[in-house]
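Spelled out, the chains give:
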Amino acid sequence: MEPPRERQKPKTVTKLAAESTRPNSQAMARIPSMTALLKAAESFETLRGTPHAVVSEALRKAVAVLRERLQKGGVTEKECGVDAVLSQAREILNARRAHRLRRVINATGVVLHTGLGRSVLPSVAIERIGGVAGGYCSLEIDLETGKRGRRGRHVEELLLELTDAEAAMVVNNNAAATMLALHALARGREVIVSRGQLIEIGGSYRLPEVMIAGGSTLHEVGTTNKTRLRDYEAVIDEQTAMIMHVHTSNYRVVGFSENPGTKELSELARAHGIIMFDDLGSGALLDGEVWSSANEPTVASSLKHGADLVSFSGDKLLGGPQAGILLGRRSIIDRLRNDPMARALRVDKLTVAALEAVLELYHDPDRAMREIPLLARLVESESMLVTRAEKLSDRLSSVLPDDSFMVKSDESFAGGGSLPAWPFPTAVVCWKPAGNVSLDELAQKLRLGDPSVLCRIKEDAIHLDLRTVPEHEYDELIQMMMRGRSSQGH
Ligand SMILES: *Cc1c(COP(=O)(O)O)cnc(C)c1O
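Fair warning: this is a prediction, and the values are worked out from it, not measured in the lab. (Residues numbered from 1 in each chain as written. Predicted model: local features only at pLDDT ≥ 70, side-chain atom pairs only at ≥ 80, totals over all residues. Heavy atoms only, no water.)

Colleague: Let's hear about the overall build of the chain: which residues, and what values?
Modeller: The secondary structure content of the chain amounts to 21 helices and 15 strands. Against the compact-globule benchmark of 23 Å for 490 residues, the chain has a radius of gyration of 29 Å, which places it well outside the compact range. Each of the three principal axes of the chain carries a C-alpha extent, and together these read 95 × 60 × 55 Å. Looking at the chain residue by residue over its 490 residues, the buried ones come to 45%. With an accessible surface of roughly 24900 Å², the chain has 51% of that area assigned to carbon and sulfur atoms. Within the chain, one finds 62 positive and 64 negative side-chain charges whose respective centroids are separated by 8 Å. (Helix = DSSP H or I, 4+ residues; strand = E, 2+ residues; numbered from the N terminus. Rg over C-alpha atoms; globule rule 2.2 N^0.38 Å. Buried < 20%, exposed > 50% of the residue type's maximum accessible area, 1.4 Å probe, protein only. Areas by Shrake-Rupley, 256 points an atom, 1.4 Å probe, with all protein chains shown as cover. Lys, Arg positive; Asp, Glu negative; His and termini not counted. Charge placed at Lys NZ, Arg CZ, Asp CG, Glu CD.)

Put into structure tokens, the structure is as follows:
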């Protein structure tokens, strides 16, 4: 199986001959020395200031690329120069940095985008994080006594003030909260769940599998669309530890459907001496019409209806940092605290800082609606959005006069597995670039910018949904759009 090499040879020779008559080793001699490259890198933009080890690794890779090209031939003198190799090294470094966490201008209209980090934090939370991040903080010290205190104690106190729960606990996310609840309260025993609530929330979180991991046995009851109270009642025995009610946060079973509410399930659990655990998912903290029109249960209503334990995310409808919040009866929260898994799931100081600040805003619901970006964005009116869209569209028309910009009404969704059947009327700017432009390529250019811009392509235009783009991001957005346009071939 050797011959192919022989056959390829003449081709290579012809190519080399066309470029230069020098043999291979002489071609290699055209590669600049590592010493020269390292020296030049000291004053080369973007390589300057980068750690020596990182630069020399990138240069080595750039030289390897050049060596390969020289072997093939057809390389000009300029392409062998120091500057060309440095540029290549810079590209290698930039490609590596492309995977760094980068700020994104979210023009998709999806307010709670899990891929984009869910909630945008209010400025008071960012200040609080900054305040504790660069120094020591009273994370587990009671400053009154100077003795050991409890991590997240103030967060717990705030949660109790806001909800009337007996006790509270905070862990890393809601997946951790449900895992901990199952492990501490139902390990080796049975948990009853309606077949209509066996949720999957993206990735590897599927309730039946979480049950197994938590060491408990799932006892499914009812059907996909209908489960009655007597279905639960029929299977309760000495093996049963809890009834788990799961909010169908990312889908809805509508039409010919029925499920007992939190109140009936709590009464049933109480009558049999078992626990009723309500996984609320989204965690709407404010009462009132904001959520009731979307058919979203609030934390307060679940507790009022008698759930022994509720859990929800900190970064969904609460609008805070990633966290899992558990509220319920003191004896139950104590069992969670004492579970060996609790330590593995605990939150860090940055989460505590941000959550404190966000929860404090909830003391004044009007202020919460204004200052928590998630809430403010969800309730921004269509007319306000149209006004903002027209403003942006005018500015864009003047800087990109050949392109067409039009304001249209559309619908956006909350996203992040929340409010699945509740579209919000919104306003979008439709961008139709002049000339023969590939929208996919343009969208990719925008994505690769810094800050990155994410948008939707629909009906031969790029759609920018302004529900998720505050006005203070307009300047940067316009700049990135102009840049995306200028680097495009027409
Ligand atoms: C989102 C969600 C979870 C998982 O919460 P994370 O905070 O993302 O871990 C669990 N249960 C329900 C019902 C949810 O909606």
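Let us keep going from here.
Colleague: Summarise the site of the ligand; cite the residues concerned and give the values.
Modeller: Neighbouring the ligand are 14 residues; Ala 175, Ser 249, Asp 279, Ser 313 and Lys 316 lie closest to it. One of the side-chain nitrogen or oxygen atoms of Arg 118 is found 3.0 Å away from an oxygen atom of the ligand. Ala 175 places a polar main-chain atom, nitrogen or oxygen, 2.9 Å from an oxygen atom of the ligand. Burial of the ligand by the protein amounts to 94% of the accessible area it has alone, namely 380 Å². Those elements that provide at least two residues to the shell around the ligand are helix H8 (174-186) and strand S8 (275-281). Split by residue class, the shell around the ligand holds five nonpolar, six polar and three charged. (Near = heavy atom within 4 Å. Polar contact = N/O pair within 3.5 Å; in protein donor to acceptor, adjacent residues only side chain to side chain. Nonpolar A, V, L, I, M, F, W, Y, C, P; charged D, E, K, R; others polar.)

Colleague: Let's hear about the pairing of strand S12 (residues 424-432): which residues, and what values?
Modeller: Every regular strand shows the same layout, with side chains that alternate between the two sheet faces. Counting buried positions over the nine residues of S12 gives seven, a clear majority of the element. Relative to S12, strand S11 (residues 404-412) runs antiparallel, the two being bridged by nine bridges. Bridge pairing links Asp 410 to Thr 426 in S12. Across four bridges, the pairing between S12 and strand S15 (residues 461-465) is antiparallel. Bridge assignment links Trp 431 to a residue of S15, and that residue is Ile 462. (Pairing = 2+ DSSP bridges.)

Colleague: Which residues make up the pattern of salt bridges, and what are the values?
Modeller: Tallied over the full model, the rule gives 35 salt bridges. The partner of Arg 388 in a salt bridge is Glu 380, with the nearest N and O atoms 2.9 Å apart. With relative accessibility at 6%, the residue Arg 388 sits in the buried group. Lys 408 is paired through a salt bridge with Glu 459; the nearest N and O atoms lie 3.9 Å apart. Of this pair, Lys 408 sits in strand S11 while Glu 459 sits in the loop between strand S14 (456-458) and S15; the two residues are 51 residues apart in sequence, bridging distant segments of the chain. Taking relative accessible area as the criterion, Lys 408 reaches 34% and is therefore assigned partly exposed. Assessed through its relative accessible area of 55%, Glu 459 is described here as exposed. One salt-bridge network, in which partners are shared between bridges, spans Glu 140, Arg 148, Arg 151 and Arg 346. (Salt bridge = Lys/Arg side-chain N within 4 Å of Asp/Glu carboxyl O.)

Colleague: Can you break down the domain arrangement of the chain residue by residue, with the values?
Modeller: Under the domain assignment, the chain is made up of domain 1 (20-97), domain 2 (104-116 + 377-486) and domain 3 (123-371). Here the C-alpha centroids of domain 1 and domain 3 sit 55 Å apart. (Domains from an automatic or database assignment.)

Colleague: Requested: an account of the sheet that holds strand S10 (residues 324-328), with residues and values cited.
Modeller: Adjacent strands of a sheet form backbone hydrogen bonds with each other and so pair up, either parallel or antiparallel. Taking strand neighbours across the sheet as the criterion, the seven strands line up as S4-S10-S9-S8-S7-S5-S6 in an open arrangement whose pairing is mixed. What marks the edges here is a single partner per strand, and that holds for strand S4 (167-171) and strand S6 (217-221). Taken over all neighbouring pairs, the strand axes of this sheet differ in orientation by 25 degrees on average, direction set aside. As paired strands, strand S5 (residues 190-194) and strand S7 (residues 240-246) are joined by three bridges and run parallel to one another. Across the sheet, residue Val 191 finds its bridge partner in S7, namely Met 242. Contacting S4, S8, strand S9 (309-313) and S10, helix H14 (residues 330-337) crosses the sheet at an angle of about 30 degrees to S4. (Axes fitted to C-alpha atoms, helices over the stretch in contact; angles between N-to-C directions. Contact = heavy atoms within 4.5 Å.)

Colleague: Lay out the state of the cysteines in plain terms, naming residues and giving numbers.
Modeller: Taken as a whole and assessed by the stated rule, the structure comprises zero disulfides. Between Cys 455, a cysteine without a disulfide, and Cys 430, which holds the nearest cysteine sulfur, the sulfur-to-sulfur distance is 11 Å. (Disulfide = S-S within 2.5 Å.)

Colleague: Please give an account of helix H19 (residues 382-399) that cites residues and values.
Modeller: Helix length check: H19, at 18 residues, gives a terminal C-alpha distance of 26 Å against a target of 26 Å (1.5 Å per residue), a fit within 8%. What H19 keeps buried is the set Leu 385, Arg 388, Ala 389, Leu 392, Ser 393 and Leu 396. In a view along the axis of H19, the buried residues occupy a sector of 140 degrees, so they form one face of it. In H19, the exposed positions that point more than 90 degrees away from the buried face belong to Ser 383, Asp 394 and Ser 398. (Expected span 1.5 Å × (residues − 1). Arc of directions from axis to C-beta.)

Colleague: Could you give an account of the nonpolar core, with specific residues and numbers?
Modeller: Counting 54 residues, the largest nonpolar core has Ile 243, Leu 327, Tyr 362, Leu 375 and Leu 378 as its most contacted members. When residues in this core are grouped by element, the largest group, seven residues, is from helix H16 (residues 349-361). Setting aside residues no more than four positions away along its own chain, Ile 243 makes contact with Ile 192, Tyr 232, Leu 265, Leu 268, Ala 269, Ile 274, Ile 275, Met 276 and Phe 277. One finds Ala 176, Leu 185, Ile 199 and Ile 333 within the second-largest nonpolar core, a separate group that totals 31 residues. (Core = buried A, V, L, I, M, F, W, Y, C linked by side-chain atoms within 4.5 Å.)

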